[in-house]
Amino acid sequence: MLKDHQRKFDFISAGAKDVEGILQKLINFQVAIPSWALGSGGTRFGRFSVGGEPRDLEEKIEDIGLLHALNRSSGAISLHIPWDIPSNASNIKALAAQNDLRFDAMNSNTFQDQPDQPLSYKYGSMQHVDKAVRKQAVDHNIVVIKYGVELGSSSLTVWLSDGSNFPGQLNFRKAFHNTLESLKEVYASLPNAWKMFVEYKAFEPNFYSMTVGDWGQSLLYATKLGDKAFTLVDLGHHLPNTNIEQIVSLLLMEKKLGGFHFNDSKYGDDDLTVGSIRPYQLFLIFSELIEGMDARGMDHASDLAWMIDASHNVKDPLEDLLQSVEAIMIAYAQALLVDRKKLVEVQNANDVVAAQEILQAAFRTDVRPLVAEARLRNGGAIDPLSIYRKEKIREHLIKRRGNQTVATGL
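Residues numbered from 1 in each chain as written. Predicted model: local features only at pLDDT ≥ 70, side-chain atom pairs only at ≥ 80, totals over all residues. Heavy atoms only, no water.

1. Brief notes about the environment of L151
Then, in step 1: Summarising the element assignment, L151 is placed in helix α5 (residues 131-151).
Then, in step 2: A sequence separation of 162 residues divides L151 from N313, and the C-alpha atoms of the two residues are 30 Å apart.
Then, in step 3: Apart from the residues lying within four places of it in its own chain, the contact partners of L151 are L79, P86, A89, I92, K93, F103 and M106. (Helix = DSSP H or I, 4+ residues; strand = E, 2+ residues; numbered from the N terminus. Contact = heavy atoms within 4.5 Å.)

This is the structure:
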């Protein structure tokens, strides 16, 4: 593939500014893979295994190591507790290091009951009217922090399914207060260098109200908690047609944007492949991110947490993740091509037509050769998906692991 790639790369290099700078940014940029994304997900109605799914945390790390070897942009893993409790932290850290991986944010789970759990989260966790249930949720998050410290993580993501399904079921102010007090207890247990990400969601599993239902509520919690608390944006956790790019711009301005969970959607929290439905929106989000981060002198690669959060029902999960990472890198590369100086000039002149042309010129540029060149220079494959298929990797995994395996947490 090298000769064809070189021809395409030479073509885009001739017209782009600061190609070497863009390539280095692409090389540095890493997207964390969640441990739960490596098996076939599902819907409320069913789940269809592809076979060869990882049966334990060790095999999940091996799968992400494979992804990272192919694309060189998947150098981190995000664990979900209790789905992925490490039996031996030292061994797990060593295996991750062998696969050139670090541990990204730890994720707690108070949105479902576990077999050995004494109290139920049916009516909420950190918002619950029963203080004992709230304490159980707090204690779980503190345990998750402990596991994270052992593995070398430095952040905790808290997503709460708390809310109500019917009017009158819940006192909104008491629910907010209970949740804030619970989060304060978790926040007090954070190590000095750690961050807490408060994730929000407009609806589901509760359909009348969510106690952390939008970015405003998350920002309220993060502001009241302190300097180590931030808002986390999941692209699927908004009402249809929400202007997410404006949200991230304002959160950056307030120094309260912590990170992203990437996916795509047509109707709601569909958890579809990144960039498969709204690639232009993804580009616009990255455009605002770059503008806001550069204005504050932030490092694109390390100052925000980047992670995929998707559910794979009809695709091979590893193929889907390869596609998702590629879409993220493409949108990032396109946003790096935007002529910022010229855009500011036309904005100040209220030249709406010129502003649109500047953005769409970058979006319509085929940056795949730039992404491939960055991957190649970093030791990856020119076309990871084609290599994955040519080497029949899923078939090998099925032979090793069986055809009826189910990844933990699914």
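2. So, the side chain of R134
Then, in step 1: With respect to the secondary-structure elements, R134 resides in helix α5.
Then, in step 2: For the buried R134, no salt bridge exists, and the shortest N-O distance to an oppositely charged side chain is 6.4 Å, to D130. (Buried < 20%, exposed > 50% of the residue type's maximum accessible area, 1.4 Å probe, protein only. Lys, Arg positive; Asp, Glu negative; His and termini not counted. Salt bridge = Lys/Arg side-chain N within 4 Å of Asp/Glu carboxyl O.)

3. Notes on the nonpolar core
Then, in step 1: In terms of nonpolar packing, the biggest core is built from 106 residues, with L26, M196, F260, F286 and L289 touching the most fellow members.
Then, in step 2: No other element matches helix α10 (residues 317-336), which puts 13 residues into this core.
Then, in step 3: Filtering out sequence-adjacent residues up to four positions away, F286 remains in contact with F29, F262, W306, I328, A331, Y332 and A335. (Core = buried A, V, L, I, M, F, W, Y, C linked by side-chain atoms within 4.5 Å.)

4. A word on unusual backbone geometry
For residues that are not glycine, phi is negative in most cases, and the peptide bond is trans in most cases.
Then, in step 1: Following I81, the chain continues to P82 via a peptide bond in cis, the omega torsion being 20 degrees.
Then, in step 2: Summarising the element assignment, P82 is placed in the loop between β2 (76-78) and α4 (89-98).
Then, in step 3: Residue P205 follows E204 across a cis peptide bond; omega there is 10 degrees.
Then, in step 4: Relative to the assigned elements, P205 resides in the loop between β7 (195-199) and β8 (209-210).
Then, in step 5: Although it is not a glycine, E204 sits at a positive phi angle of roughly 80 degrees.
Then, in step 6: Mapped onto the elements, E204 comes out in the loop between β7 and β8.
Then, in step 7: A relative accessible area of 18% means that E204 is categorised as buried.
Then, in step 8: Residue N241 is not a glycine yet carries a positive backbone phi of 70 degrees.
Then, in step 9: With respect to the secondary-structure elements, N241 resides in the loop between β9 (229-234) and α8 (244-253).

5. Digging into the pairing of strand β11 (residues 305-308)
Then, in step 1: Residues of β11 alternate between two faces, with A305 and M307 on one and W306 and I308 on the opposite face, all of them buried.
Then, in step 2: Pairing analysis gives four bridges linking strand β10 (residues 257-262) to β11, with the strands arranged parallel. Paired with F262 across the bridge in β11 is I308.
Then, in step 3: With helix α9 (residues 279-295) bridging β10 and the parallel β11, this β-α-β connection has right-handed handedness. (Pairing = 2+ DSSP bridges. Right-handed = clockwise from strand over helix to strand, strands pointing away.)

6. Focus on the environment of V248
Then, in step 1: Its location among the elements puts V248 in helix α8.
Then, in step 2: Using a relative accessible area of 0% as the deciding quantity, one classes V248 as buried.
Then, in step 3: Note: C-alpha distance between V248 and G258 (10 residues apart in sequence) is 9.8 Å.
Then, in step 4: Once you skip the residues sitting within four places of it in the chain, V248 turns out to touch V233, L257, F260, I285, E288 and L289.

7. A short note on the packing of aromatic side chains
Then, in step 1: Evaluation of the coordinates by the stated rule reveals 18 aromatic pairs.
Then, in step 2: Both rings, one in F262 and one in F286, keep their centres 5.8 Å apart while their planes meet at 10 degrees; by these two values the pair is stacked. Taken together, the positions of F262 in strand β10 and F286 in helix α9 put the pair 24 residues apart, joining distant regions of the chain. Exposure class is identical for F262 and F286. Each is buried. (Phe/Tyr/Trp six-rings, centres within 6.5 Å; stacked < 30°, edge-to-face > 60°.)

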